[in-house]
Protein chains: 2
Amino acid sequence: MSRMKSIDPSIKPGEATPPRAAERILGVARDLFYRRGIRAIGVDEIVRRAGVTKPSLYRSFPSKDELAASYLRQYDLEFWERFDEAVDAHPGDPRAQIKAFLIRVGKRTQKTDYRGCGMTNAAVEYPERGHPARVVSEANKQELRRRLRAMATAMGAGDADTLGDGLLLLIEGAYISGQLFGAGGPAQSVARNADLLIEASLKK
Amino acid sequence: MSRMKSIDPSIKPGEATPPRAAERILGVARDLFYRRGIRAIGVDEIVRRAGVTKPSLYRSFPSKDELAASYLRQYDLEFWERFDEAVDAHPGDPRAQIKAFLIRVGKRTQKTDYRGCGMTNAAVEYPERGHPARVVSEANKQELRRRLRAMATAMGAGDADTLGDGLLLLIEGAYISGQLFGAGGPAQSVARNADLLIEASLKK
DNA sequence: TGACAATGTTACCGATCGGTACGTATACCT
DNA sequence: AGGTATACGTACCGATCGGTAACATTGTCA
């Protein structure tokens, strides 16, 4: 007899192929951490809303800090997915890539309950150097800076590093302003301002 | 007899004219809240480092949240002092005012242990609408936006609101990047990028 | 000198924090 | 069927959270 090694359609929902506790925990943590902040959420609330118990959490994650770091590593993956979507949509045209990315960022910032960038927020919540969450956040931002500078170079900007950094400032400003001002805030103009800055930097 | 109503030089230090507990508490809270974050600091540590006890804190401040709000109100005052210093240094020249302000911001962001803007950080730490700390922070940012847009108008920018918002994005980006990257980070270029953006917005 | 108000101190509260020891059930492979 | 490893739940830990009741001390007036 050939045993089914993947999914058995006869199983009742939520019984077999049980959504691994670790995945449910990470999913709930991801949502709560992003929306309400990492420090604001206790592990009890996470396990309660995940429908599991605390030892289940601590068998999959060494500590709350590491759970937060896992959340950010997942966030990092999804971030670069979004970023590369914009890049891939305009091959060889970094200016259009930036514009496409920022148009989407600007739109997201106008949604209610927008809470900014999970990476940026985590770095604000954990200023101590070496904190697991901050380490992930810093690495993400370093890489973002590197890529923005590279794109500015590819655009042929006179001072590419300055332009790359300027774009980073606008992006971070959009993340923060988005959650500070809500809809109608300054973040909606991030794409236009970035394009103006690029324009000015190329003519130099 | 004329009684001395202010300071009596015969008093021993730290005995009479005792530095009002409320002031010492606020001073310590201000330092700790800014450097390590509001949520990260407990009231016990504040009173311990202020050399007082907890009831002293709660007689002067209704709650920790209100103490945080008081810290931010003081921060607000000092912020506008710095802002107006740059403004007053260049009467009638908003572009030079912005530049002067941002040069100073850029320098501050390069200092070790720079922790960004207390207002911005507080808003990240407390996303819940109506939180006392967040209320102060939002009011400060609204006013900053208003003034930046007014200055952009005074510069004669074609789309003054967009320029004002662009400057706000750069500023917020500098606050965040300053604490994310430390010295050598993108925030050091905030003044130059702002000036480039202004240049581009005026020629439009 | 004595009353009053303000300020400081000791000791404590229930709730929640992150984290764990230990017993129980379940799935899988032989 | 039986053995075994894995996953899960009950109950609990000390520490710390924000906040308070009741008492002692002080300075300032009449």
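This text gives an overview of the structure that appears in the document. (Residues numbered from 1 in each chain as written. Chains lettered and ligands numbered in written order. Predicted model: local features only at pLDDT ≥ 70, side-chain atom pairs only at ≥ 80, totals over all residues. Heavy atoms only, no water.)

As a further point, take the protein's contact with DNA strand C. Lining the immediate surroundings of DNA strand C are 15 residues, of which A:Val43, A:Lys54, A:Tyr58, A:Lys64 and B:Arg59 lie closest. Counting only atoms of DNA strand C within 4 Å of the protein, the sugar-phosphate share comes to 40%. Within the contact set of DNA strand C, a phosphate oxygen lies 2.6 Å away from a side-chain nitrogen or oxygen of A:Tyr58. Contacts to DNA strand C include B:Arg59, whose side-chain N or O atom sits 2.5 Å from a base nitrogen. (Near = heavy atom within 4 Å. Polar contact = N/O pair within 3.5 Å; in protein donor to acceptor, adjacent residues only side chain to side chain.)

Quick look at the interface of chain B and chain A now. Often, the extent of an interface is quoted as the loss of accessible area upon association of its parts. Taken together, the 45 residues of chain B in the interface contact 45 residues of chain A. For the pair chain B and chain A, the two sides together bury roughly 3800 Å², of which 68% comes from carbon and sulfur. Taken together, chain B and chain A are joined by two salt bridges. A salt bridge links A:Asp159 to B:Arg192, with the shortest nitrogen-to-oxygen separation between them at 3.0 Å. Connecting chain B to chain A are nine residue pairs in polar contact (both at pLDDT 80 or more). Elements represented by at least two residues in the side of chain B that touches chain A include exactly helix H1 (21–36), helix H6 (118–125), helix H7 (132–155), helix H8 (160–181) and helix H9 (190–203) of chain B. Sorting elements by how many residues they give to the side of chain B that touches chain A places H8(B) first, with 15 residues. Classifying every residue of the side of chain B that touches chain A gives 18 nonpolar, 15 polar and twelve charged. (Contact = heavy atoms within 4.5 Å. Buried area = accessible area lost by both parts, 1.4 Å probe. Salt bridge = Lys/Arg side-chain N within 4 Å of Asp/Glu carboxyl O. Helix = DSSP H or I, 4+ residues; strand = E, 2+ residues; numbered from the N terminus. Nonpolar A, V, L, I, M, F, W, Y, C, P; charged D, E, K, R; others polar.)

As a further point, take the pattern of salt bridges. Pairing between side chains becomes possible if they bear opposite charge and their charged atoms approach one another. Under the criterion given, the structure shown has 38 salt bridges over all chains. Its salt-bridge partner being A:Arg49, residue A:Glu45 comes within 2.9 Å of it at the nearest N-O pair. Of this pair, A:Glu45 and A:Arg49 both sit in helix H2 (residues 43–50), separated by four residues, roughly a single helical turn. Overall, A:Arg49 belongs to the partly exposed group, its relative accessible area being 43%. Across the salt bridge formed by B:Asp44 and B:Lys54, the nearest N and O atoms sit 3.3 Å from each other. Remark: B:Lys54 occurs in helix H3 (residues 54–60) and B:Asp44 occurs in helix H2 (residues 43–50); sequence separation between them is ten residues. Counted as one network, the salt bridges with shared partners bring together A:Arg145, A:Arg149, A:Asp161 and A:Asp165. (Buried < 20%, exposed > 50% of the residue type's maximum accessible area, 1.4 Å probe, protein only.)

Turning next to H8(B). All names here are of chain B. In a regular helix each residue adds 1.5 Å, so 22 residues correspond to 32 Å; H8 covers 31 Å between its end C-alpha atoms and thus fits that length. Counted residue by residue, H8 has 21 buried out of 22 residues, so it is predominantly covered. One or two positions beyond H8, positive phi appears at Gly182, with a value near 70°. (Expected span 1.5 Å × (residues − 1).)

This part covers the nonpolar core. Residues A:Ile46 and B:Ile46 are the most contacted members of the largest nonpolar core, which totals 133 residues. With residues up to four places along the chain from it excluded, the contact list for B:Ile46 reads B:Ile25, B:Val28, B:Ala29, B:Leu32, B:Phe33, B:Ile41, B:Leu57 and B:Leu67. (Core = buried A, V, L, I, M, F, W, Y, C linked by side-chain atoms within 4.5 Å.)

The subject of this paragraph is empty space enclosed by the protein. Per the stated rule, a full pass over the model turns up five cavities of 30 Å³ or more. Considered as a void within the structure, the largest cavity measures approximately 60 Å³ in volume. Elements supplying a minimum of two residues to the lining of the largest cavity: helix H4 (64–89) and helix H5 (94–109) of chain B. Here the lining of the largest cavity gets four residues from one element, more than from any other, and that element is H5(B). In terms of residue class, the lining of the largest cavity is built from three nonpolar, no polar and three charged. By volume, the second largest cavity is sized at about 50 Å³. Residue lining of the second largest cavity: A:Arg82, A:Phe101, A:Arg104, A:Val105 and A:Arg108, and that is the complete set. It is helix H5 (residues 94–109) of chain A that contributes the most residues to the lining of the second largest cavity, four residues altogether. Looking at side-chain class alone, the lining of the second largest cavity contains two nonpolar, no polar and three charged residues. (1 Å grid on protein atoms, 1.4 Å probe; cavity = no way out; pocket = protein on both sides within 12 Å on 5 of 7 lines; lining within 4 Å. Points joined across faces, edges and corners; volume = space filled by probe spheres on them.)

What follows is about the protein's contact with DNA strand D. DNA strand D sits among 16 residues. The nearest are A:Arg59, B:Val43, B:Lys54, B:Tyr58 and B:Lys64. Close to the protein, within 4 Å, the atoms of DNA strand D are drawn from sugar and phosphate at a rate of 41%. Backbone polar atom of B:Val43 to a phosphate oxygen of DNA strand D: 2.9 Å apart, as the coordinates give it. A distance of 2.7 Å separates a phosphate oxygen of DNA strand D from a polar side-chain atom of B:Tyr58. With four residues, H3(B) is the single largest residue contributor to the surface near DNA strand D. Taken together, the residues that form the surface near DNA strand D break down as six nonpolar, four polar and six charged.

Attention shifts here to the relation of the copies chain B and chain A. Relative to chain A, chain B is turned by 180° and slid 0.0 Å along the rotation axis, the superposed coordinates differing by an RMSD of 0.0 Å. Those values place the two copies in the arrangement expected of a two-fold rotation axis. Residues of chain B ranked by C-alpha distance from the rotation axis are headed by B:Gly173, positioned 2.0 Å from it. When you check the interface residues of chain B against chain A, 100% turn up at the interface there too, and the contact is symmetric in its surfaces. (Least-squares fit on C-alpha atoms with pLDDT ≥ 70 in both.)

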